[in-house]
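# Structural characterization, general
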Amino acid sequence: MIKTRYYIWPVFVFFALISCVGKSDRLDWAQSCFDKGIAFEEASMFDSAAVCYLSAIGSLDPDEEVYAEALGAYYNRIALLLFKSEINKEAEKMFEKAIAYNSRLSEKSQLSESYRGLWKCYCVDKGGILDSTLLKTVRLIPDIRDKEELFKAKNALAYYFLMSGDYASAMQYSSELEALSPDTVSYYKSCLVRGSIFYASGQLDSALIYTRKAACSDYIYTRASAYENLYEMTGDNLYRDRYDQLNDSIAGLMKPAKVNTAFYGELIHNMDMEYARKIHTFLWLGGIGALIVVVVIVVVLLLYFRRRNVALRSGLESESQTPGIVGGTSEAPLEMEKKSETLQREIVEQIKMVTAQKNKRFVKSEVFKQTVVHIEGGTVFLTPALRDSLFESLRKEYALLHRLLTTYFSFSDEEFYFFCLSSLGLSTKECAACRCVSMSAIRVLRKRVNDKMRRYITIDALFQAVKL
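So, a few notes on the structure that sits alongside this text. (Residues numbered from 1 in each chain as written. Predicted model: local features only at pLDDT ≥ 70, side-chain atom pairs only at ≥ 80, totals over all residues. Heavy atoms only, no water.)

Here we come to the side chain of Thr-211. Following the sequence through the fold, Thr-211 ends up in helix α9 (residues 204–214). In terms of polar contacts, Thr-211 uses its side chain to reach the backbone carbonyl oxygen of Ala-207, at 2.6 Å. Sequence-distant contacts of Thr-211, that is, excluding residues within four places in its chain, are made with Cys-191, Gly-195, Ala-226, Asn-229, Leu-230 and Met-233. (Helix = DSSP H or I, 4+ residues; strand = E, 2+ residues; numbered from the N terminus. Polar contact = N/O pair within 3.5 Å; in protein donor to acceptor, adjacent residues only side chain to side chain. Contact = heavy atoms within 4.5 Å.)

See the structure below:
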């Protein structure tokens, strides 16, 4: 008599082969979506890129261990895309999901990238307060194999310890960066950080050497920061002039692409399409499953009749039992998160952050000090020359704020200057003296500014945060 296992094992082999082929196909399809997303992102088509990344994520079963590496990489990518687009809350969620998958991997490059991204999101959300999330990458360093990620992790740690005042630790990580620099852009960025460490620790000569190296970078933002630091270190107006020139060039650059504010609506549409595709795949797999069931039934029946014939030949009564087959499939519903906060919160936070940073610096400027002395609490109007100098300085120093206010609120130059003066703490009377107009004109201007912001900022708590 042929044993049962000789009939059953081909079925299991067939099922295993189908399962492996299915997983391979899903990975290939997900990778194809991901590659399309990268191409869209490089072409600054961020909405399309986001849709592709979410399609890649949605095509893989989150409970399958074999997909952990791919899902970790995909979540990292879309989280970084959201962070670049200043949708920080959603970027945090994506980085946290990436950490859940990347922590399962023995190679820690992707996990390090997740912690760095989460750290940057937290720092932005906390208004410049240094978050300690980055310290989790310290224990990962021995297991980071990717040279570029190792460089970024150590450079970030050098910056973290610089900002926290631990200059010895900052220098420890900074000294290891030169051998790790994957390209010249990264090398000059590391020089900028190292120069800042030397300057903060009182070693001016070394600080100047590395900051001047950073000023040789082809990357305009690194070069601008280097000239700004050199001006702070030396007081040389030549560096200030070069910094202003680069700042003007940066202001003239095309505004970088971002994920559109309708991002979530498009993602929901994409998820509907993805769900329809899953249904189609489910039906296809259901057909294969039905075929497998038929094969199993045929094998069981063949076994039954063979055993029955043997029993009859031996004169014994046979009793057969047909095993029941219970099959089922479950499809976890695709969870979709709706955006809990609109672009309003992001704009308000940007305005508050930029205003706080620039005010701290501008009140120390010579032109502001002359203005305060001249107007004497609002009793004397500014001279035309001093007024022009003040407004020109405001336009340069608050260039980013100007772009925010004109882009989202359609502020005129007059309204922008008034907003800056009010944020600097000047009273209605003092603002009138700076503008050489009456106080009633300033009150009308204040109402116009608030009305423009109120039309865009509809959440009362956010409006109160920027109201003049």
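Next comes the rest of the write-up.
This next bit is on the packing of aromatic side chains. As enumerated under the stated definition, the model contains 17 aromatic pairs in all. Ring centres of Tyr-219 and Tyr-221 lie 5.5 Å apart, and the angle between their planes is 55°; this geometry places the pair in the tilted category. Residue class for Tyr-219 comes out partly exposed when judged on its relative accessible area of 34%. Given the relative accessible area of 41%, Tyr-221 is considered partly exposed. With 5.7 Å between their ring centres and 85° between their planes, Phe-409 and Tyr-456 make a pair best called edge-to-face. Of this pair, Phe-409 sits in helix α16 (residues 399–409) while Tyr-456 sits in helix α19 (residues 439–456), and the two are 47 residues apart along the sequence. Taken together, the ring pairs in this structure connect Tyr-408, Phe-409, Phe-411, Phe-419 and Tyr-456 into an aromatic cluster. Above the face of the Tyr-231 ring, Arg-240 is positioned so that its terminal group lies 5.8 Å from the ring centre. (Phe/Tyr/Trp six-rings, centres within 6.5 Å; stacked < 30°, edge-to-face > 60°. Buried < 20%, exposed > 50% of the residue type's maximum accessible area, 1.4 Å probe, protein only. Lys NZ or Arg CZ within 6 Å of the ring centre and 35° of its normal.)

The next subject is a nonpolar patch on the surface. On the surface, a cluster of nonpolar side chains totalling about 320 Å² of accessible area is made up of Val-293, Ile-297, Leu-301 and Phe-305. Examined against the element boundaries, Val-293 turns out to sit in helix α12 (residues 263–313). We classify Val-293 as partly exposed; its relative accessible area is 35%. (Patch = residues over 30% accessible without salt bridge, like charges linked within 9 Å, V, L, I, M, F, W, Y side chains within 5 Å. Areas by Shrake-Rupley, 256 points an atom, 1.4 Å probe, with all protein chains shown as cover. Salt bridge = Lys/Arg side-chain N within 4 Å of Asp/Glu carboxyl O.)

Moving on to the nonpolar core. In this structure, Leu-60, Leu-71, Tyr-74, Tyr-75, Leu-81, Ile-197 and Tyr-227 are the most contacted members of the largest nonpolar core, which totals 75 residues. Setting aside residues no more than four positions away along its own chain, Tyr-227 makes contact with Ala-215, Tyr-239, Arg-242, Tyr-243 and Leu-246. Among the nonpolar cores identified, the runner-up in size contains 41 residues, and Leu-382, Tyr-408, Leu-424 and Leu-462 belong to it. (Core = buried A, V, L, I, M, F, W, Y, C linked by side-chain atoms within 4.5 Å.)

Among all positions in helix α14 (residues 366–375), only Val-367, Phe-368, Thr-371 and Ile-375 are buried. For α14, the angular spread of the buried residues around the axis is 100°, confining them to a single face. Structural note: α14 exposes Glu-366 and Val-373 on the side pointing more than 90 degrees away from its buried face. Packed against the buried residues of α14 are α13 (343–362), α15 (384–397) and α18 (428–435). Once α14 ends, the next one or two residues include Glu-376, with phi positive near 50°. (Arc of directions from axis to C-beta.)

In the contact formed by α9 and helix α10 (residues 220–234), the axes pass within 8 Å of each other and the chain directions differ by 155°. On the basis of the axis angle, α9 is roughly antiparallel to α10. Once α9 is placed against α10, the crossing between them reads as left-handed. Contacts between α9 and α10 involve Leu-204, Ala-207, Leu-208, Thr-211, Arg-212 and Ala-214 on the former and, on the latter, Thr-222, Arg-223, Ala-226, Asn-229, Leu-230, Met-233 and Thr-234. Each residue belonging to the contact of α9 with α10 can be placed in one class, and the counts come to seven nonpolar, four polar and two charged. (Axes fitted to C-alpha atoms, helices over the stretch in contact; angles between N-to-C directions. Parallel < 35°, antiparallel > 145°, perpendicular 65-115°, else oblique. Left-handed = near helix turned anticlockwise from the far one by under 90°. Nonpolar A, V, L, I, M, F, W, Y, C, P; charged D, E, K, R; others polar.)

Turning our eyes to something else, we now look at the pattern of salt bridges. Under the definition given, this model contains 19 salt bridges. The partner of Lys-154 in a salt bridge is Glu-176, with the nearest N and O atoms 2.5 Å apart. Here Lys-154 is found in helix α6 (residues 147–164), whereas its partner Glu-176 is found in the loop between α7 (167–174) and α8 (184–200), with 22 residues between them in sequence. In this structure, the salt-bridge partner of Arg-361 is Glu-228, at a minimum N-O distance of 2.1 Å. Of this pair, Arg-361 sits in helix α13 while Glu-228 sits in helix α10; the two residues are 133 residues apart in sequence, bridging distant segments of the chain. Exposure remark for Arg-361: the relative accessible area of 29% places this residue in the partly exposed category. In the salt-bridge network here, residues are joined through shared partners; they are Glu-228, Arg-240, Asp-244, Lys-358, Arg-361 and Glu-397.

Function cannot be read off these values alone, since they describe shape.
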